[in-house]
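Analysis of the macromolecular model
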Amino acid sequence: MAEPASFPARGQPTEELLEAIRELRADDADWRGGRAFSLVYNADDAELETLHDAVGSMFLAENALNPFAFPSLRRMEAEVVAMASALVHLEGGDGSMSSGGTESIFLAVHTAREAARARGVENPSVLTAATAHPAFAKACHYLGLDHLRTPHGPDGRADPAAMIDALDERCALVVASAPCYPFGVIDPVADLAAAAADRGVPCHVDACLGGWLLPFWEEIGERVPPWDFRVPGVTSLSADIHKYGYAFKGASVVLYRDPAMMRRQWFLYDDWPGGLYGSPTAAGTRPAAPIAGAWATIRHLGRTGYQAKARVVRDTTLRFRNGIGAIDGLEVRHRPDLSLFEFGAAADGDGRPVLDIAGVADVMDDRGWGLDRQEGGLHLMVSPYHAHVVDRFLADLADAVAHHDASRGRASTYGGAPPAP
Ligand SMILES: Cc1ncc(COP(=O)(O)O)c(C=O)c1O
């Protein structure tokens, strides 16, 4: 742990500070070299990076809290929402941008809670499969809802029978993932949305991961089960532009089939001396750069650009999957629908793992590959840049399988951890 910094007595020149930052970054994940797998989506696109630098620096100071002061931002956000809506076949709906998947999910849970309260539900709950992203647990925790979770089926997908069984009159929102993070599989959205609609309950599709890739996956000829607003009963959807939309961080959309739900998202307050305060998202001051960055990214890539990147991601995913499947002792889990998946140790005739996958992960760590450890295996998520490193990765993995020791006991983690008490 670094020494706590004292407050600087004097200012430091720019060059010195930039050099200090370069040094500080020495141990950061090497995403430019294709060594990071879920935190950064490396689009392998130098021109797009130049665009990001230019647009980001144009909008460092502006504040999207007041769109009347910055009509450019209002227009760009409205256009991003419109372009996202077209992509997921939403007509006549509404939505907003947010800072990321977690905020989009918070907003969807919040509007569903408000709608449930309006229906007279006193202790609303949210129903998800166990594979749903922790953002739902977090939203329930912050917003005072119960979180009901049902086990996933043997195929890694939400089990519709278990979820329908758990669906009661307190349910404010049924959730389906497209796909879920741990296994990269798409939940049976049509079954879940139909069951929810039968009971008058909204259904949210968490397409934070898939929202900007599945449309193009379908367009390049891959099989995609129904997941978007074409499915009756889907009432809201989150899709992160800072993931497979290749925008820089801080950009997601939350969309509603019924514009009245978007009105519930707004927080309006005038009981203070400052006049009416209206805010559509969790943040007050809203950074402008992610809005402009997302707008510029979508228009720069366009349909053909996204299709080209989807092809690279698809082909590279196949190379990873086939290569991993060909290594004795390893298996890819759950027939993933997209470009992310779990792999782990194959089982012997008695169901015992044939190797210590955590020991294999230790060797991969030593070689600089930042794979996430999950409960049952390792997690891999493919970005366009990984096309350059897949062969090297597979050679290192085969070697790690052949030569590893027992696990050093590193826990499976996703995200950070609080400081020790
Ligand atoms: C399926 C899914 N939903 C939601 C999120 C949360 O997104 P964010 O980290 O942008 O808040 C993630 C993040 O990976 C995700 O994979």
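First, a word on scope: everything that follows refers to the structure included in this document. Keep in mind the model is a prediction, meaning the values are calculated, not measured.

Turning next to the pairing of strand 4 (residues 171–177). Burial runs high along strand 4: seven of the seven residues are buried. Bridge count for strand 2 (residues 125–129) against strand 4 is three bridges, and the pairing is parallel. The partner of Leu 127 across the bridge, within strand 4, is Val 174. Relative to strand 5 (residues 203–206), strand 4 runs parallel, the two being bridged by four bridges.

The contact between helix 4 (residues 101–118) and helix 5 (residues 134–143) brings their axes to 9 Å, and the two run at 50°. Judged by the angle between their axes, helix 4 and helix 5 are oblique. Between helix 4 and helix 5 the crossing geometry is right-handed. Counting all contacts with helix 4, which are made through Thr 102, Ile 105, Phe 106, Val 109, His 110 and Arg 113, the residues of helix 5 involved are Ala 135, Phe 136, Lys 138, Ala 139, Tyr 142 and Leu 143.

Quick look at the sheet that holds strand 11 (residues 340–345) now. Overall, antiparallel pairing links the four strands, which are arranged 10-11-13-12 in an open sheet. A strand with exactly one partner marks an edge of an open sheet, and here the two such strands are strand 10 (330–332) and strand 12 (372–373). Pairing of strand 12 with strand 13 (residues 378–381) involves two bridges; the strand directions are antiparallel. Following the sheet pairing, Arg 373 is matched in strand 13 by Leu 378. With respect to the sheet, helix 10 (residues 289–325) is in contact with strand 10, strand 11 and strand 13, its orientation differing from that of strand 11 by roughly 10°.

This part covers helix 7 (residues 189–198). Every buried residue of helix 7 is listed here: Val 189, Leu 192, Ala 193, Ala 195 and Ala 196. For helix 7, the angular spread of the buried residues around the axis is 160°, confining them to a single face. Along its buried surface, helix 7 packs onto helix 6 (160–166), strand 4 and strand 5. Backbone geometry just downstream of helix 7 places Gly 200 in the positive-phi region, at approximately 70°.

Basis of the calculations
- Residues numbered from 1 in each chain as written.
- Predicted model: local features only at pLDDT ≥ 70, side-chain atom pairs only at ≥ 80, totals over all residues.
- Heavy atoms only, no water.
- Buried < 20%, exposed > 50% of the residue type's maximum accessible area, 1.4 Å probe, protein only.
- Helix = DSSP H or I, 4+ residues; strand = E, 2+ residues; numbered from the N terminus.
- Pairing = 2+ DSSP bridges.
- Axes fitted to C-alpha atoms, helices over the stretch in contact; angles between N-to-C directions.
- Parallel < 35°, antiparallel > 145°, perpendicular 65-115°, else oblique.
- Left-handed = near helix turned anticlockwise from the far one by under 90°.
- Contact = heavy atoms within 4.5 Å.
- Arc of directions from axis to C-beta.

Structural measurements only, silent on function.
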